[in-house]
Number of protein chains: 2
Amino acid sequence: MKKLVNDPSDYVDEMLDGMLAAYPDRLRRLDGTKVLVRSDAPVDGKVGVVSGGGSGHEPTHAGYIGDGMLDGAAAGEVFTSPTANELNEMVQACDAGEGVLCVVKNYEGDVMNFDTAGEMAEMEDVEVAQVVVDDDVAVEDSLYTSGRRGVCGTILVHKAVGAKAAAGASLEEVQAVGEKVVENVGTMGVALTSCVTPEKGEPTFDLGEEELELGIGIHGEPGTERAEMMSADEVAEHLTEKVLEDLDIESGEEVVTIVNGMGGTPQSELFIVNRKVQEILDGKGVETWDAWVGDYMTSLDMMGCSVTVCRVDDELKDLLNADADTPALKR
Amino acid sequence: MKKLVNDPSDYVDEMLDGMLAAYPDRLRRLDGTKVLVRSDAPVDGKVGVVSGGGSGHEPTHAGYIGDGMLDGAAAGEVFTSPTANELNEMVQACDAGEGVLCVVKNYEGDVMNFDTAGEMAEMEDVEVAQVVVDDDVAVEDSLYTSGRRGVCGTILVHKAVGAKAAAGASLEEVQAVGEKVVENVGTMGVALTSCVTPEKGEPTFDLGEEELELGIGIHGEPGTERAEMMSADEVAEHLTEKVLEDLDIESGEEVVTIVNGMGGTPQSELFIVNRKVQEILDGKGVETWDAWVGDYMTSLDMMGCSVTVCRVDDELKDLLNADADTPALKR
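This one's a predicted model, so the numbers in the text were calculated from it and none came from an experiment.

Turning our attention to the overall build of chain A. Within chain A, the secondary structure is distributed over 8 helices and 12 strands. By the compact-globule yardstick of 20 Å for 331 residues, chain A fits well, its C-alpha radius of gyration being 19 Å. Overall, the C-alpha framework of chain A stretches about 55 × 50 × 35 Å when taken along its three principal axes. In chain A, 73% of the contacts between residues at least 6 apart in sequence involve partners at least 24 apart. Summing over all exposed atoms, chain A offers an accessible surface of approximately 11,000 Å²; the carbon and sulfur share of this is 41%.

Listed below in structure tokens is the structure:
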């Protein structure tokens, strides 16, 4: 297996230790868990904001812990939800008495465990609210979800709710901003190769040398369509058109875009895709207020990318632009 | 070929356009060239700092253009030096009358073309100085170099000289800081797979499923040793020990480390490597003042990583910690 790993069963543990070793002043690990929190959590006078989910999507989620974004992130094993117990511990550790917002990607395991954790924390008198992100426009239901999957749009939710919480808003207000992003964001992805999980050591699905898979998720689950290899422009067109159509974005509207790498694709290729994405938006009279390009929500070593579009108003622009200081994102 | 590209001969052009489309307020392209500069270049009252080299190492170099780092970056074709003419245009565009420092990775083509460009610019009364980076401890001479290759340590040079220039130092002072980093930095890399160039569409070298290549450069040139696949800890040990030995780092000294991804390796694996790198340094009583983990100097889609160690004193710590605001690095 071509990976920089030791025993695959230590993958997540060692990755978290490696993060702590890189950011010892910023992060701490809750004893006996795979939960990382801000070293100063809970932060007085602020709603706590937490997220979590299976590992393999780095820098999601722990990379977004810090001022203006997340207070805590729970890591499950690769592509596996964290346990309700660990999520509960995280919620409690991040509550400073103002309540805690959980940002949940829409997968059955995550939703169930965050629900249970919320109930557990509420029994300890922590006020808990949730935002469930389901931005993948490729599928209505999927292998691991009822309804749409939560993918790269989640990062914009982290950013917006984190900024709102940092500004001193109430739990209800922070949640409302999260819902606003969810209502206005869509994502569509493509894979050129399957990811390889450390435990299995082999591709999760087979894809020929001249094929790609459209509408892919972030766990190696099947996409919606297998197609012959396309050019970067064709890929950009396919993904962008599908998202714009779903969101019903019209000329004159302002958006944030993300061209997100799936982990194995070099940045140069993401910029080539971004070039076409912006050309398409220009052609439609849609104004890109900000364009993000990079690896934000990955699928291990998968080659491919996703395109996210989010309609923004003045409130969202302020929040997305607000200061943030995390390992993976600074503003 | 499994790449998000259009016509491979447009690769660099379209990548640069995609960067411009992402950062229209920060960057501009010099007409008819593959040179990007700060949109406000030349910056009054400041020494200009520029770099450049073959493409395929993104975010190097253009990703580091901005406040506190580079004023301009010239992109050659993939793994090919920019021309002396384009380098000269860049130097002139970034001169505000205080002179321009060129940060050059030690490859014969780059050194020759930067030399020529410097002479051309001097004929136009621009004061030009150079820092040549040769941090790769793997080889004394290589396929493309006399002496050692310039690799990931270059980013620390960009950061330090950029900060020094932003603080208003003279050309001579800015150059001196660059030399100081070069004297104190070392890097060693490993490849798990070859990179695939867009033009060729095939691996540059063959590496078996159970092999890795140590002492690799960033152009798919041969390493120093082919070995059986190792664990992440063994890789970390091999790379770190070699660098520490070369730099003669002793207990009690302070360093900055970079665990750098080569483009196709997920961040999770880089953190697993970082865990061991920091354990090794701890064990030797070397103090890590700051640990960087991510894709800073890549080789297209190559899987693998490099470990950089740089001895720091108070001056370098201040400069590495100073504000920077670039697409790829913020402080």
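Taken together, the 50 residues of chain B in the interface contact 50 residues of chain A. For the chain B and chain A pair, buried surface summed over both sides reaches about 4,400 Å², with 59% attributable to carbon and sulfur atoms. Contact with chain A buries surface across chain B, with K2, L4 and F271 of chain B losing the most and accounting together for 21% of the total. One can count 4 salt bridges joining chain B with chain A. For the salt bridge of E14 of chain B with R275 of chain A, the shortest nitrogen-to-oxygen distance reads 3.9 Å. Across the chain B-chain A interface, the total number found is 20 residue pairs in polar contact (both at pLDDT 80 or more). Those elements that provide at least two residues to the side of chain B that touches chain A are α1 (11-22), α6 (232-247), α7 (267-283), β11 (287-294) and β12 (304-311) of chain B. For the side of chain B that touches chain A, the class distribution of residues is 24 nonpolar, 12 polar and 14 charged.

Here we take up a negative patch on the surface. Residues and elements named next belong to chain A. On the surface, D115, E119, E122, E127, E172 and E173 cluster together into a patch of negative charge. Looking at the negative patch, the elements with two or more residues in it are α3 (108-123) and α5 (171-184). For the negative patch, the leading source of residues is α3, giving 3 residues. Structurally, the position occupied by E172 is in helix α5. A relative accessible area of 65% means that E172 is categorised as exposed.

When chain B is brought onto chain A, the operation consists of a screw motion whose angular component is 180 degrees and whose axial shift is 0.0 Å, with 0.0 Å RMSD remaining. Those values place the two copies in the arrangement expected of a two-fold rotation axis. Taking C-alpha positions as reference, the residue of chain B nearest the rotation axis is G264 of chain B, located at 2.0 Å. In this assembly the copies share their binding face: 100% of the residues contributing to the interface of chain B also contribute to that of chain A.

Here we take up the sheet that holds strand β4 (residues 72-78) of chain B. The strands making up a sheet associate through backbone hydrogen bonding, with each pair oriented either parallel or antiparallel. Residue and element names in this part refer to chain B. Taken in spatial order, the 6 strands of this open sheet run β1-β2-β4-β3-β5-β6, and their pairing is mixed. Edge positions in the sheet fall to β1 (27-29) and β6 (128-133), since each of these pairs with one other strand and no more. Between one strand and the next, the sheet's axes are offset by a mean angle of 25 degrees, whatever the strand orientation. By the bridge criterion, 6 bridges tie strand β5 (residues 100-105) to β6 in an arrangement that is parallel. Across the sheet, residue C102 finds its bridge partner in β6, namely Q130. Along the sheet, α1 makes contact with β1, β2 (35-38), β3 (48-55) and β4, crossing β1 at roughly 145 degrees. Strand contacts of helix α4 (residues 153-166): β3, β5 and β6, with the helix running at about 175 degrees to β5, the strand carrying the most contacts.

Another point: the pairing of β11 of chain B. Residues and elements named next belong to chain B. With 7 bridges connecting them, strand β10 (residues 254-261) and β11 associate as parallel partners. What sits directly across from T257, in β11, is A291. Read from β10 through α7 to β11, the crossover connection turns out right-handed.

Here we come to the side chain of T187 of chain A. Inspection of the secondary structure puts T187 of chain A in strand β7 (residues 185-191). Discounting chain neighbours no more than four positions away, the residues touching T187 of chain A are D135, D136, V137, A138, V151, C152, G153, V243, S306, V307 and T308 of chain A.

As a further point, take the environment of E98 of chain A. All names here are of chain A. Topologically, E98 is positioned in the loop between α2 (84-93) and β5 (100-105). Spatially, the C-alpha atoms of E98 and V43 are 9.7 Å apart, while their sequence positions differ by 55 residues. When sequence neighbours within four positions are dropped, the list of residues in contact with E98 reads G45, K46, V47 and L171.

On to the pattern of salt bridges. Summed over the entire model, instances satisfying the criterion amount to 55 salt bridges over all chains. A salt bridge links K3 of chain B to E269 of chain A, with the shortest nitrogen-to-oxygen separation between them at 3.8 Å. Of this pair, K3 of chain B sits in the segment before α1 while E269 of chain A sits in helix α7 (residues 267-283), each in a different chain. Per residue, the accessibility class of K3 of chain B equals that of E269 of chain A, and both read buried. Salt-bridge contacts for R38 of chain B lead to D71 of chain B; the nearest nitrogen and oxygen are separated by 3.9 Å. Taken as a pair, R38 of chain B in strand β2 and D71 of chain B in the loop between β3 and β4 lie far apart in primary sequence, 33 residues in all. Each member of the pair, R38 of chain B together with D71 of chain B, is buried.

Glancing now at the sheet that holds β11 of chain B. Residues and elements named next belong to chain B. In space, the 6 strands of this open sheet follow the order β9-β8-β7-β12-β10-β11, with mixed pairing throughout. On the outer flanks of this sheet lie β9 (225-228) and β11, each paired with one strand and no other. Strand after strand, the sheet turns through a mean of 20 degrees between neighbouring axes, direction not considered. The pairing of strand β8 (residues 211-214) with β9 spans 4 bridges and is classified as antiparallel. Residue pairing in the sheet places L214 in a bridge with E225 of β9. Sheet strands in contact with α7 are β10, β11 and β12, and its direction is about 155 degrees off that of β10.

Below, the discussion takes up the packing of α4 of chain B against helix α5 (residues 171-184) of chain B. If you want to describe how two helices pack, look at the angle between their axes and the distance between the axes. All names here are of chain B. Axis separation between α4 and α5 bottoms out at 9 Å; the angle between their running directions is 155 degrees. Comparing the axis directions of α4 and α5 gives the class roughly antiparallel. Crossing handedness for the pair α4 and α5: right-handed. Facing L156, V157, A160, V161, K164 and A165 of α4, the residues of α5 in contact are E173, V174, V177, G178, V181 and V182. Along the lines of polarity and charge, the residues of the contact of α4 with α5 split into 9 nonpolar, 1 polar and 2 charged.

Each value, and the rule that gives it
Residues numbered from 1 in each chain as written. Chains lettered and ligands numbered in written order. Predicted model: local features only at pLDDT ≥ 70, side-chain atom pairs only at ≥ 80, totals over all residues. Heavy atoms only, no water. Helix = DSSP H or I, 4+ residues; strand = E, 2+ residues; numbered from the N terminus. Rg over C-alpha atoms; globule rule 2.2 N^0.38 Å. Contact = heavy atoms within 4.5 Å. Areas by Shrake-Rupley, 256 points an atom, 1.4 Å probe, with all protein chains shown as cover. Buried area = accessible area lost by both parts, 1.4 Å probe. Salt bridge = Lys/Arg side-chain N within 4 Å of Asp/Glu carboxyl O. Polar contact = N/O pair within 3.5 Å; in protein donor to acceptor, adjacent residues only side chain to side chain. Nonpolar A, V, L, I, M, F, W, Y, C, P; charged D, E, K, R; others polar. Patch = residues over 30% accessible without salt bridge, like charges linked within 9 Å, V, L, I, M, F, W, Y side chains within 5 Å. Lys, Arg positive; Asp, Glu negative; His and termini not counted. Charge placed at Lys NZ, Arg CZ, Asp CG, Glu CD. Buried < 20%, exposed > 50% of the residue type's maximum accessible area, 1.4 Å probe, protein only. Least-squares fit on C-alpha atoms with pLDDT ≥ 70 in both. Pairing = 2+ DSSP bridges. Axes fitted to C-alpha atoms, helices over the stretch in contact; angles between N-to-C directions. Right-handed = clockwise from strand over helix to strand, strands pointing away. Parallel < 35°, antiparallel > 145°, perpendicular 65-115°, else oblique. Left-handed = near helix turned anticlockwise from the far one by under 90°.

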